[in-house]
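Observations on the model geometry
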Amino acid sequence: MKTSELITRRRMMITGLSSVGGLLLTGCSKKLPPSYGNILRMGDTLTYAAHQTLLPGQKLVKEYTHRDISSFPATGTTNPGDPNTHNSSEVYRNLHRGGFTDWRLSIEGLVAKPGLYSLADLKRFPSRTQITRHTCEEGWSAIAQWTGVPLSRVLDDAGLLPSARFISFYSYDEWADCIDMLDALHPQTILAYGMNGRDLPLPHGAPVRLRVETQLGYKSMKYLQRIVVREEFDDGGKNGNIQNGWSWYAGI
Ligand SMILES: Nc1nc2c(c(=O)[nH]1)N[C@H]1C(S)=C(S)[C@@H](COP(=O)(O)O)O[C@H]1N2
Ligand SMILES: [Mo]
């Protein structure tokens, strides 16, 4: 990326941030996720604190070129509508059958205008396309091109309230996860509906998945259903990564 472009992006970010209206990140330290009395969990918080201190908050991750795009395995859930899986979703199966025209992303919680966004609604926002490396905690990585709407745009549209600090995500395969506002408003954090120039394929999270490029792959939730803006971190209960032994913060 050219320096001038980078500077423009940074400027856009700063303007974007101010438009979010009175949003301050200073409250985060008071609202860190719980350690559950577990020394490893305290480690997550330390990693998080180190990232916040050592890295400028909105630093972009490396972007690649078309030549770098690699084969990309689909892992975890590859079809939430499959009746043979334990967490099979009939609702998802029907949405898929209908070509996702009835799919809606719900945005709730600490926003001025809670609401439902269709795929067409999301595509009406200015899009961002990025070629990035996905790193899975299981030890593989792959490069793909992602197209979608920056999450910050959608949150801005819904109108973040000043008390907003964390964003929870819920999927059709019953995943729950939570990220902080710094990652939520990061310019490369997008709601992706395209992969390698096509509609996002079913195994990769159709119709819309999250891309959180600043963290390990499991934070990039597939098959999005619902977003809840919160004041405090929410571990998602039994469906959340944190109670399944994974770090809430997996910065890379
Ligand atoms: N809803 C949902 N999101 C998910 C998963 C999943 O099983 N379900 N797997 C996670 C993990 S561990 C990784 S590495 C990536 C895999 O994305 P891919 O299938 O496109 O490779 O999605 C993440 N997001
Ligand atoms: Mo993963």
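None of the values given here were measured: they were computed from a predicted structure.

Whenever strands of a sheet pair, they do so through backbone hydrogen bonds, lying parallel or antiparallel. Pairing is mixed across the open sheet formed by five strands, whose spatial order is β2-β1-β10-β5-β6. Each edge of the sheet is formed by a strand with only one pairing partner; in this case those strands are β2 (115–118) and β6 (176–180). With direction set aside, neighbouring strand axes in the sheet form an average angle of 20°. Pairing of strand β5 (residues 166–171) with β6 involves five bridges; the strand directions are antiparallel. Bridge pairing in β6 places I167 opposite I179. Of the strands in this sheet, β1 (104–109), β2, β5 and β10 (224–230) are in contact with helix α5 (residues 151–158), which crosses β2 at around 140°.

For the rest of this paragraph, the subject is α5. Among all positions of α5, only L151, S152, V154, L155 and A158 are buried. Along the long axis of α5, the arc covered by the buried residues comes to 165°, so they all point the same way. Of the residues one or two after α5, G159 is the one with positive phi, at around 80°.

This brings us to the confidence of the model for the protein chain. Of the residues in the protein chain, 83% reach a pLDDT of 70 or more, and the chain-wide mean stands at 86. Note that residues 1–30 has pLDDT below 50 and, in this model, 22 contacts with residues that lie over four places away or in other chains.

Moving on to the packing of aromatic side chains. If you walk through the whole model with that rule in mind, you get 12 aromatic pairs. Ring geometry for Y92 versus Y172: centroids 5.6 Å apart, planes at 50°, classification tilted. Residue Y92 is found in helix α3 (residues 90–97), and its partner Y172 is found in the loop between β5 and β6; the two are separated by 80 residues along the sequence. Judged by relative accessible area, which is 0%, Y92 ranks as buried. Given the relative accessible area of 9%, Y172 is considered buried. One aromatic cluster is present, built from ring pairs that chain together Y92, F100, Y172 and Y223.

If a strand is regular, its side chains alternate between the two faces of the sheet. Most of strand β4 (residues 141–150) is tucked away: nine of the 10 residues are buried. Relative to β4, strand β3 (residues 128–135) runs antiparallel, the two being bridged by eight bridges. Bridging across to β4, I131 finds its partner in Q145. Taking the residues between adjacent antiparallel strands as the criterion, β3 and β4 are bridged by five residues, where G139 takes a positive phi near 110°.

Lining the immediate surroundings of ligand 1 are 22 residues, of which P73, D173, H204, R209 and K222 lie closest. A distance of 3.4 Å separates a nitrogen atom of ligand 1 from a polar atom in the side chain of S171. Within the side chain of R209, one N or O atom sits 2.7 Å away from an oxygen atom of ligand 1. Protein burial of ligand 1: of its 540 Å² of free accessible surface, 98% is covered by the chains. When grouped by side-chain class, the residues that make up the shell around ligand 1 number 10 nonpolar, eight polar and four charged.

Each value, and the rule that gives it
Residues numbered from 1 in each chain as written. Chains lettered and ligands numbered in written order. Predicted model: local features only at pLDDT ≥ 70, side-chain atom pairs only at ≥ 80, totals over all residues. Heavy atoms only, no water. Pairing = 2+ DSSP bridges. Helix = DSSP H or I, 4+ residues; strand = E, 2+ residues; numbered from the N terminus. Axes fitted to C-alpha atoms, helices over the stretch in contact; angles between N-to-C directions. Contact = heavy atoms within 4.5 Å. Buried < 20%, exposed > 50% of the residue type's maximum accessible area, 1.4 Å probe, protein only. Arc of directions from axis to C-beta. pLDDT = per-residue confidence, 0-100. Phe/Tyr/Trp six-rings, centres within 6.5 Å; stacked < 30°, edge-to-face > 60°. Near = heavy atom within 4 Å. Polar contact = N/O pair within 3.5 Å; in protein donor to acceptor, adjacent residues only side chain to side chain. Areas by Shrake-Rupley, 256 points an atom, 1.4 Å probe, with all protein chains shown as cover. Nonpolar A, V, L, I, M, F, W, Y, C, P; charged D, E, K, R; others polar.

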